[in-house]
Amino acid sequence: MARKEGVRKFDLEERLIEFAVLILGIAASIPKTNISMPLSGQLSRSGTAVALNYAEAQSAESRKDFVHKLKVALKELRETQVCLKIINKVKWIKDPVHLNQALSESNQLISILMKSIATATNNMNNEKLNR
């Protein structure tokens, strides 16, 4: 997390980019077999899609569009987490340190996105009530 004038700044986009890099590293370390390649490719796609969809949400045309794009990012994140769990169970990764780190980070990111969606939805509903 970056610091500016002694204040701690939380940059979710940067955190999601770092998560995507971690996921790509894991995907690259999976042995290349006919059985593993489809899941490795899916992990790469869903793991990077989280950051990309979050970036789209930052340019949303409305609060409703913002919520929708965050929900898509959350969906991709959950898909990534399931891929990681499958890879963990089949033991394709010899040193699971990065895999465990990715599983932990995916749990934290899911919580963050769920809270962001709830907050944005609440704000959207409050706007409707105040009209």
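The structure under discussion appears in the preceding block.
A quick note: this is a predicted structure, and the numbers were derived from the prediction, not measured. Residue numbers run consecutively from 1 along every chain, following the written order of its sequence. Residues qualify for local features only when their pLDDT is at least 70, as the model is predicted, and side-chain atom pairs are given and counted only at 80 or more; totals for whole chains, interfaces and linings, by contrast, use all residues. Each side-chain value is worked out from all heavy atoms of the structure, with water and hydrogens disregarded.

S.K.: Describe the pattern of salt bridges, and please don't skip the residues or the numbers.
M.R.: Throughout this description, the term salt bridge denotes a Lys or Arg side-chain nitrogen within 4 Å of a carboxyl oxygen of Asp or Glu. This model, assessed by the stated rule, comprises two salt bridges. With a closest N to O distance of 2.5 Å, Glu105 and Arg15 form a salt bridge. Here Glu105 is found in helix H4 (residues 97-129), whereas its partner Arg15 is found in helix H1 (residues 12-29), with 90 residues between them in sequence. Comparing Glu105 with Arg15, the two get one shared label, buried. Between Asp65 and Lys69 there is a salt bridge whose closest N-O contact spans 2.9 Å. One end of the pair, Asp65, and the other, Lys69, are both in helix H3 (residues 63-90), four residues apart, so they sit about a helical turn from each other. As far as burial versus exposure is concerned, Asp65 and Lys69 are alike and both buried. Secondary structure elements are defined from DSSP: runs of H or I of at least 4 residues count as helices, runs of E of at least 2 residues count as strands, and each element is numbered from the N terminus. Relative accessibility decides the category of a residue: with a 1.4 Å probe and only protein chains considered, values under 20% of the type maximum give buried, values over 50% give exposed, and everything between is partly exposed.

S.K.: An account of the side chain of Ser40 is needed here, citing residue identities and associated values.
M.R.: Note on placement: Ser40 falls in helix H2 (residues 36-58). Ser40 sits in the buried class, given a relative accessible area of 6%. Residue contacts for Ser40: discarding those within four places in its chain leaves Ala27 and Ile30. Contact criterion: two residues are considered in contact whenever any of their non-hydrogen atoms come within 4.5 Å of each other.

S.K.: Tell me about the nonpolar core, and name the residues and values.
M.R.: In this text, buried Ala, Val, Leu, Ile, Met, Phe, Trp, Tyr and Cys residues form a nonpolar core when linked through side-chain atoms within 4.5 Å. Membership of the largest hydrophobic core comes to 33 residues, with the highest contact counts inside it found for Ile26, Leu43, Leu84, Ile87 and Leu113. Counting residues per element, the ones that place at least two in this core are H1, H2, H3 and H4. For this core, the element with the highest residue contribution is H4, accounting for nine residues. In this view, Leu43 contacts Ile23, Ile26, Ala27, Ile30, Thr80, Cys83, Leu84 and Ile87; residues no more than four positions away in its chain are not counted.

S.K.: Quick rundown of the environment of Glu76? Include the residues and the values.
M.R.: With respect to the helices and strands, Glu76 occurs in helix H3. Residue Glu76 is classed as buried on the basis of its relative accessible area, which comes to 17%. Expressed as a C-alpha distance, the spacing of Glu76 and Ala51, which sit 25 residues apart in the sequence, is 9.5 Å. Beyond its immediate sequence surroundings of up to four residues, Glu76 is in contact with Ser46, Ala49, Val50 and Asn53.

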